[in-house]
Amino acid sequence: MQVSWIDADRLKSLVEQIAPQEERVVISPPVVEIETAPEQVVTWQSAHGFAQESAADEGAETAGMNAVETFHAPEPRSEPENVPVVEADAPASDAEHEDEHDSRGHALHNPGAALPLSRIRDKLRAIRQRATEAGILTRPAEPPKEQAPVEAGTVPKD
Amino acid sequence: MIAIATASQKGGVGKTTLCINLAYSLARRGWRVLLVDTDPQGGVGLSLAKSAKAREGFHEFLVRGGDLSRIVVPTRLPELEIIPAGQFDACARQGWPAHEVPARLADLLRGAELRGADVVLMDTAAGMGNTTEAVVKACDFVVLPQQAEPLAIRSVPHLLETLARFRAEGAGVRVAGILLTMVMREQEMSLKVARELREMLPANLMFQQSIPRLASFLEASALGVPVALTKRNPPPEALIFDQIAAELEQRTGLSKEREREHGHASLLD
């Protein structure tokens, strides 16, 4: 004798409706070592304040720093093609950075130290803004200086 | 941080008792818990502190928002804080715009997160009124206490229908599970109801643990304390809520982060 008076089929249908839409399988990413220190110290970076900011918010600025380094680490080239690469990388690095923070979430044992995601995003935007204003991200590659033609027959004397 | 609401179609199923004891268990397990009473009857506040009757609380926050620290009440357990219901009648006279309630709730949860809460546990009024609906929709999970009694159990499909509607409206709240309450283990009919429900619903929708109907819970409510504090050493029934807390951690993924960081513990250092 059924005592609960519930229609089992109806219940089954309702259970399907409230089931999570997608089983988001969160696969913990393997630990990825991120180089936070620049390989080459570029003096104008300090002048634009990135070094000071990285001390305060190391995690938040990693993406911004890396985006800048990507642009400036290689030798300047005559082709302007490298410049758009930085713009394309910056949003991707932001997304990666967001994924890192999402997977980490809040530090359970020191919850006060974890920055809210919105604050981290604000800081990244501020860094990108400053970089843009400084002309780092949008500055086109300078055209190579035209070298003065060497006149035939002239040999520089020591 | 995760936000968990408790909801039921009818009153008297043990929501407030569950919230108080579950909040205490979670806090003892090391989580920073904020227990919020959204029930106009103010069961949580009345149970825990006589002074909570006169305090501002959740409903004042609905009316005028503001700083959460004004309405948070600390407890003797540093990990457990409470927001009592507040003065519902006075607030109802002032009124609050219904369309602002979701934003206020979002502010409350954001404030809780900034305070470092790991879990926000929200006790609600019986039924699915406007405020309770908004609270459930604002949360990540909902726990559904369900009295193990033939007539009471008929409300399960209604509740699931409501949640299906929420899902269709885009709310992301998920069912952590249905928790059988007031199970009378000496009554065959009560056990039969529990068995039938477990047979009809998938295991992931039903808490393994259930809450029996015991005099000690009434005694705890009268004293205004969690069951674990009614005696010097917690009575056996207090451990029921530890079990529920452990299950909840797994169902909501709350313990995943901690397990990832710490793994197993050694007995000897």
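No experiment lies behind these values; they were computed from the predicted model shown. (Residues numbered from 1 in each chain as written. Chains lettered and ligands numbered in written order. Predicted model: local features only at pLDDT ≥ 70, side-chain atom pairs only at ≥ 80, totals over all residues. Heavy atoms only, no water.)

Draft legend 1. Quick look at helix 1 (residues 8–18) of chain A. Along helix 1 of chain A, the residues classified as buried are Leu 11, Leu 14, Val 15 and Ile 18 of chain A. Around the axis of helix 1 of chain A, the buried residues are gathered within 105° of arc, so they sit on the same side. Among the exposed residues of helix 1 of chain A, those oriented more than 90 degrees off its buried face are Asp 9, Lys 12 and Glu 16 of chain A. Where helix 1 of chain A is buried, its residues meet helix 7 (155–168), strand 7 (174–181) and helix 8 (188–200) of chain B. Measuring from the backbone nitrogen of Asp 9 of chain A back to the side-chain oxygen at the start of helix 1 of chain A gives 3.1 Å, which picks out Asp 7 of chain A as the cap. (Buried < 20%, exposed > 50% of the residue type's maximum accessible area, 1.4 Å probe, protein only. Helix = DSSP H or I, 4+ residues; strand = E, 2+ residues; numbered from the N terminus. Arc of directions from axis to C-beta. Contact = heavy atoms within 4.5 Å. Polar contact = N/O pair within 3.5 Å; in protein donor to acceptor, adjacent residues only side chain to side chain.)

Draft legend 2. Local environment of empty space enclosed by the protein. Residue and element names in this part refer to chain B. Applying the stated criterion to the full structure yields five cavities of 30 Å³ or more. In this structure, the second largest cavity encloses a volume near 70 Å³. Along the walls of the second largest cavity sit Arg 32, Val 33, Leu 34, Pro 78, Glu 79, Glu 81, Ala 112, Arg 115, Gly 116 and Ala 117, which together make up its complete lining. Grouping the amino acids of the lining of the second largest cavity by side-chain chemistry returns five nonpolar, one polar and four charged. (1 Å grid on protein atoms, 1.4 Å probe; cavity = no way out; pocket = protein on both sides within 12 Å on 5 of 7 lines; lining within 4 Å. Points joined across faces, edges and corners; volume = space filled by probe spheres on them. Nonpolar A, V, L, I, M, F, W, Y, C, P; charged D, E, K, R; others polar.)

Draft legend 3. How the structure looks around the sheet that holds strand 4 (residues 80–83) of chain B. Residues and elements named next belong to chain B. The strand order across the open sheet formed by seven strands is 3-4-2-5-1-6-7, and the pairing between neighbours is mixed. Both outer strands of the open sheet, strand 3 (73–74) and strand 7, are each paired with one neighbouring strand and no more. The pairing of strand 2 (residues 33–37) with strand 5 (residues 119–123) spans five bridges and is parallel. When the bridges of strand 5 are listed, Asp 37 appears paired with Asp 123. Where helix 10 (residues 238–252) meets the sheet, its contacts fall on strand 1 (2–6), strand 6 (141–147) and strand 7, and the angle it forms with strand 7 comes to roughly 160°. (Pairing = 2+ DSSP bridges. Axes fitted to C-alpha atoms, helices over the stretch in contact; angles between N-to-C directions.)

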